Amino acid sequence: MWLLQVTLTLPKPAAREPANGFLGVDQGVANLAVTSDGAVLPGPAQPGPIQGNGHVRALRARRHRQRRRLQKKGTPAARRVLRRLSGREHRMMTDLNHQISKYVVREAERTGRGIALEDLQGIRGRARAHRLQRRTLHSWAFAQNIEFTRYKAARAGIAFTLVDPAYTSQACPECGWTSRANRPARGHFACTRCGLAGHADHIAARNIAQRGVAGRAVVNQPHATGLPSARRDRESKPPASAGGS
């Protein structure tokens, strides 16, 4: 068998200005990824209520139980099966992240938008997950999905940004009111001020999209040197004399 490995250097196009805003993507445990349009990934986009990714969670739970049985057994044959299962699950997670990132980039390219994701660096130490969800939180490759989306967006010339994830599922995208009371249940959002209601992951994705637009506006804001500035005022003052007058 002959194998040919070819290395290609592809030109990196400049990121186009997102004419129609940003496509926000919320990553989570119950739903792997939900876009601001309401699509649940990696499965096909589901119109209407959020449908979830129960099939993925069930598969991972079944393999977790299988690993526990093999680890308890501890025989050489069981260790060989464990190594094989480990590689299989890694390939499954990588494939799912490729599916998610590919859909997001294609949808952003089709609609003339940029892509906004949460900056989840250190999420495992900050997040407070239910006891039954901690294993999924600590084993899911959030960073891999971000990197896959980043390089696919760069290759397509799509603007990509990471936004602050704080309170994305507690803030109302319509009136801006932020409160823990807006989350009466784990997957439900209901604004206590304006009454907007929906799935919490979809609401979070909408907030992420809005923060992407706001961050882009700040980056592109021209530096107005003629406006008053406390720092420039301090720098323009002559240094105080060390001696008396």
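Just so you know, these numbers come straight off a predicted model, no measurement behind them.

Conventions we followed
- Residues numbered from 1 in each chain as written.
- Predicted model: local features only at pLDDT ≥ 70, side-chain atom pairs only at ≥ 80, totals over all residues.
- Heavy atoms only, no water.
- Helix = DSSP H or I, 4+ residues; strand = E, 2+ residues; numbered from the N terminus.
- Buried < 20%, exposed > 50% of the residue type's maximum accessible area, 1.4 Å probe, protein only.
- Areas by Shrake-Rupley, 256 points an atom, 1.4 Å probe, with all protein chains shown as cover.
- Axes fitted to C-alpha atoms, helices over the stretch in contact; angles between N-to-C directions.
- Left-handed = near helix turned anticlockwise from the far one by under 90°.
- Contact = heavy atoms within 4.5 Å.
- Nonpolar A, V, L, I, M, F, W, Y, C, P; charged D, E, K, R; others polar.
- Pairing = 2+ DSSP bridges.
- Polar contact = N/O pair within 3.5 Å; in protein donor to acceptor, adjacent residues only side chain to side chain.

In this section: the overall build of the protein. The helix and strand inventory of the protein stands at seven helices and seven strands. Along the protein, helices (α) and strands (β) appear in the sequence β-β-β-α-α-β-α-α-α-β-β-β-α-α when read from the amino end. Out of the 245 residues belonging to the protein, those deemed buried represent 36%. When the accessible surface of the protein is split by element, carbon and sulfur atoms take 54% of a total near 15600 Å².

This part covers the packing of helix 2 (residues 76–111) against helix 5 (residues 142–156). At a closest axis distance of 9 Å, the pairing of helix 2 and helix 5 adopts a crossing angle of 40°. Relative to helix 5, helix 2 is oriented so that their crossing is right-handed. Facing Met93, Thr94, Asn97, His98, Ile100, Ser101, Lys102, Val104, Val105 and Glu109 of helix 2, the residues of helix 5 in contact are Gln144, Asn145, Phe148, Thr149, Tyr151, Lys152, Ala153 and Ala156. Grouping the constituent residues of the contact of helix 2 with helix 5 by class yields eight nonpolar, seven polar and three charged.

Our focus in this paragraph is the pairing of strand 4 (residues 114–118). Taken across its five residues, strand 4 has five buried, putting it largely inside the fold. Residues Gly114, Ala116 and Glu118 of strand 4 are buried on one face, and the alternating residues Ile115 and Leu117, pointing to the opposite face, are buried as well. The pairing of strand 1 (residues 22–27) with strand 4 spans four bridges and is parallel. By the bridge assignment for strand 4, Gly24 is matched with Ala116. Here strand 4 pairs with strand 5 (residues 160–163) via four bridges, running parallel. Paired with Glu118 across the two strands is Val163, which belongs to strand 5.

A word on the sheet that holds strand 3 (residues 40–41). Here we have five strands laid out as an open sheet, ordered 3-2-1-4-5, and mixed in their pairing. Edge positions in the sheet fall to strand 3 and strand 5, since each has one partner strand and no second. The strands that helix 6 (residues 200–220) touches are strand 1, strand 2 (33–35), strand 4 and strand 5; relative to strand 1, the one it contacts most, it runs at about 135°.

So, on to the side chain of Thr111. Relative to the assigned elements, Thr111 resides in helix 2. A distance of 2.8 Å separates a polar side-chain atom of Thr111 from the backbone oxygen of Glu107. Of note is the side chain of Thr111, whose polar atom sits 2.8 Å from the side chain of Arg113.

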